[in-house]
Amino acid sequence: MNNRQIINITEKYVANTYARFPVALVRGKGARVWDADGKEYIDFVAGIAVNGLGHNHPAVARAIRAQAGKLLHVSNLYHIEPQSLLAREICRHSFAERVFFCNSGAEANEAAIKLARRYGAEWLGGKYEVLSTYNSFHGRTLATLTATGQEKVRAGYDPLPTGFRQVPYNDLRAMEAAIDEKTTVAILVEPIQGEGGVVVPDRNYLQGLRELCDDREILLIFDEVQSGMGRTGKLFAYEHYGVEPDIMTLAKALGGGLPLGAMAAKEKVARSFVPGAHASTFGGNPLACNVGLAVLDTLLRGGALKNCVQMGRFLENRLEEMRRRFGFVRDIRGQGLILGMELEQDAGKIVEDCLKAGLLINATAHKVLRFIPPLTIGKKDIEQGLAILEKVLARQ
Ligand SMILES: *Cc1c(COP(=O)(O)O)cnc(C)c1O
């Protein structure tokens with residue numbers, strides 16, 4: 001089928017929840033993808049930070065093939081080898097001591113919220129409220145969209161669950177003032193706001209939140225669904241700040257393209273989940289977890305994390321050059337290979353023009369071009385993508 005044929009079927013039968021670009025992508029390799037008409041693109045989107053290892057990575061394909069020939073699914077009524085091994089790997093390389101597996105970022109945050117509430121019920125006299133921040137993004141379930149600090153994701157869904165409030169991001173005073181001694185059980189933040197426009201907090205923000213949580217004896221939850229799994233140049237973004245959360249959520253790149261989410265926690269918190277307290281049929285599925293293992297291995301031992309640091313620097317420098325050249329570029333920010341270019345104007349038209357010229361790039365928070373390419377991307381692909389972007393920007 002060609003682009004048009006696929007688009008026609010999508011438009012007739014698929015729920016109308018996305019404003020899709022008029023291309024159907026059918027094949028990928030590394031940081032390149034091809035559409036159904038055979039046109040090639042450089043991919044600076046990577047499935048919104050999902051394809052950390054790029055498309056068609058041999059380690060991912062190998063892990064899928066090996067597990068597909070063995071066992072695809074059994075229930076969590078039984079022990080699952082790749083799940084046990086992946087939980088151990090996540091704990092070995094993070095602050096966490098126990099992991100709950102699920103299938104998406106929203107579900108991971110849902111698990112974190114539920115665990116925080118159970119912990120509050122068990123140890124903190126029934127505290128339940130979760131404080132989060134404006135312009136955050138935590139998912140689309142009823143609880144996680146209520147934690148999300150954006151009106152547009154909530155419109156039309158009243159009544160929303162209670163027990164959530166937001167304050168400005170990167171504002172310690174506001175967070176401190178918002179804590180209700182009687183009800184607040186946890187603070188939930190992204191170490192870098194992804195959907196909110198690649199917003200990097202001040203160095204002392206996460207540290208300040210940690211101190212605040214210690215002082216008030218409440219929980220600190222980091223939503224690392226986007227910033228985790230190597231995206232910032234460290235396995236988890238919190239590692240840049242010398243602080244540890246009590247709970248962390250992962251998804252997006254964890255499964256290398258398969259649906260896999262995780263909620264990782266310190267034992268003192270995790271033990272509030274007892275048999276029957278929470279569950280997920282597909283969570284920790286053998287196939288997804290076997291790929292998760294391959295992803296971690298490739299990041300840590302296969303050089304992908306190192307490449308992210310190097311290419312992140314390279315890309316950031318090149319974006320800085322573009323900022324000096326184009327007066328309407330306001331700011332370049334981010335860490336590793338999650339970088340944002342804030343413009344004076346809406347970025348929608350630029351994204352469309354880039355697509356036509358063979359570059360997939362995403363805009364978030366209206367004015368911010370977001371660069372979240374595969375962590376395995378090389379200089380040549382970066383240069384080729386930037387050459388397209390430069391041409392498009394020069395026409396503005
Ligand atoms: C994408 C994202 C989510 C939601 O993940 P889904 O898999 O779409 O449910 C949650 N938090 C952050 C920070 C994200 O970037």
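Residues numbered from 1 in each chain as written. Predicted model: local features only at pLDDT ≥ 70, side-chain atom pairs only at ≥ 80, totals over all residues. Heavy atoms only, no water.

Draft legend 1. Local environment of unusual backbone geometry. The residue after Asp158, namely Pro159, is reached through a cis peptide bond having omega -5°. In this fold, Pro159 is placed in the loop between helix H6 (142-147) and strand E6 (164-167). Even without a glycine there, the phi angle at Asn170 is positive, about 65°. Checked against the element boundaries, Asn170 lands in the loop between E6 and helix H7 (172-178). Note on Asn170: relative accessible area 27%, which makes it partly exposed. (Helix = DSSP H or I, 4+ residues; strand = E, 2+ residues; numbered from the N terminus. Buried < 20%, exposed > 50% of the residue type's maximum accessible area, 1.4 Å probe, protein only.)

Draft legend 2. Highlighting the site of the ligand. By nearness alone, every residue bordering the ligand is listed as Ser104, Gly105, Ala106, Asn109, Phe137, His138, Gly139, Glu190, Asp223, Val225, Gln226 and Lys252. Backbone polar atom of Gly105 to an oxygen atom of the ligand: 2.8 Å apart, as the coordinates give it. A distance of 2.6 Å separates an oxygen atom of the ligand from a polar atom in the side chain of Lys252. Within the complex, the protein chains bury 82% of what would otherwise be the 390 Å² of accessible surface of the ligand. When the residues that make up the shell around the ligand are grouped by side-chain class, the tally is three nonpolar, six polar and three charged. (Near = heavy atom within 4 Å. Polar contact = N/O pair within 3.5 Å; in protein donor to acceptor, adjacent residues only side chain to side chain. Areas by Shrake-Rupley, 256 points an atom, 1.4 Å probe, with all protein chains shown as cover. Nonpolar A, V, L, I, M, F, W, Y, C, P; charged D, E, K, R; others polar.)

Draft legend 3. Seen up close, the packing of helix H4 (residues 81-92) against helix H10 (residues 286-300). With their axes 8 Å apart at the nearest point, H4 and H10 run at an angle of 35° to one another. Seen along the crossing, H4 lies across H10 with a hand that is left-handed. Taking contact as the criterion, the partners of Pro82, Gln83, Leu85, Leu86, Glu89 and Ile90 in H4 are, on H10, Pro286, Cys289, Asn290, Gly292, Leu293 and Leu296. (Axes fitted to C-alpha atoms, helices over the stretch in contact; angles between N-to-C directions. Left-handed = near helix turned anticlockwise from the far one by under 90°. Contact = heavy atoms within 4.5 Å.)

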